[in-house]
Amino acid sequence: GRSYFGISGHNGMNALVQGSAADFLKLAIVKIRAWIKENNIPIRLVMTIHDEIVFYFYKDAHLYMGHVRDIMEDFPEAYVPIIAEVETSVTTWDEAEGVEVC
């Protein structure tokens, strides 16, 4: 349902892929939010970064991460499979240390 003007070749293909990914990410956020509310899950959606969703798990993250991944991959209308990777961290950005780049 989108129209792209003045785009051709590689840029046109890239716009289709990135636009579709953005749409799927927004739909996943809606599905995950509904699941959180319906089940009173102790998770807070913090932010999105490009094609990632950052959550804060108040406790027992391991109990919920698989279900979040399943929701993010459940798009049968997609032409290619969507694979979601789930990672955890026990640190915050405030606790992150600088990295020396050579």
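These remarks concern the structure in this document. (Residues numbered from 1 in each chain as written. Predicted model: local features only at pLDDT ≥ 70, side-chain atom pairs only at ≥ 80, totals over all residues. Heavy atoms only, no water.)

For the rest of this paragraph, the subject is the pattern of salt bridges. With the rule as written, the count across this model stands at 1 salt bridge. For Arg-69, the salt bridge goes to Asp-70, with nearest N and O atoms at 3.5 Å. (Salt bridge = Lys/Arg side-chain N within 4 Å of Asp/Glu carboxyl O.)

To continue, consider the layout of surface pockets. Estimates place the volume of the largest pocket at around 1,600 Å³. Glu-52, Ile-53, Val-54, Glu-85 and Glu-87 are, among the 39 residues lining the largest pocket, the residues nearest its centre. Residue assignment for the lining of the largest pocket shows that the elements contributing at least two residues are helix 1 (9-39), strand 1 (43-49), strand 2 (52-57) and helix 2 (61-73). Residues belonging to the lining of the largest pocket are distributed by class as follows: 29 nonpolar, 5 polar and 5 charged. (1 Å grid on protein atoms, 1.4 Å probe; cavity = no way out; pocket = protein on both sides within 12 Å on 5 of 7 lines; lining within 4 Å. Points joined across faces, edges and corners; volume = space filled by probe spheres on them. Helix = DSSP H or I, 4+ residues; strand = E, 2+ residues; numbered from the N terminus. Nonpolar A, V, L, I, M, F, W, Y, C, P; charged D, E, K, R; others polar.)

Evaluated as defined, the whole model comprises 4 aromatic pairs. Taking 6.2 Å as the distance between ring centres and 65 degrees as the angle between the ring planes, the aromatic pair formed by Trp-35 and Tyr-64 counts as edge-to-face. With Trp-35 in helix 1 and Tyr-64 in helix 2, this residue pair connects regions lying 29 residues apart in the sequence. We note that Trp-35, like Tyr-64, is buried. Sitting above the plane of the Phe-75 ring, Lys-31 keeps its charged end 4.1 Å from the centroid. (Phe/Tyr/Trp six-rings, centres within 6.5 Å; stacked < 30°, edge-to-face > 60°. Buried < 20%, exposed > 50% of the residue type's maximum accessible area, 1.4 Å probe, protein only. Lys NZ or Arg CZ within 6 Å of the ring centre and 35° of its normal.)

These figures come from the coordinates and say nothing about function on their own.
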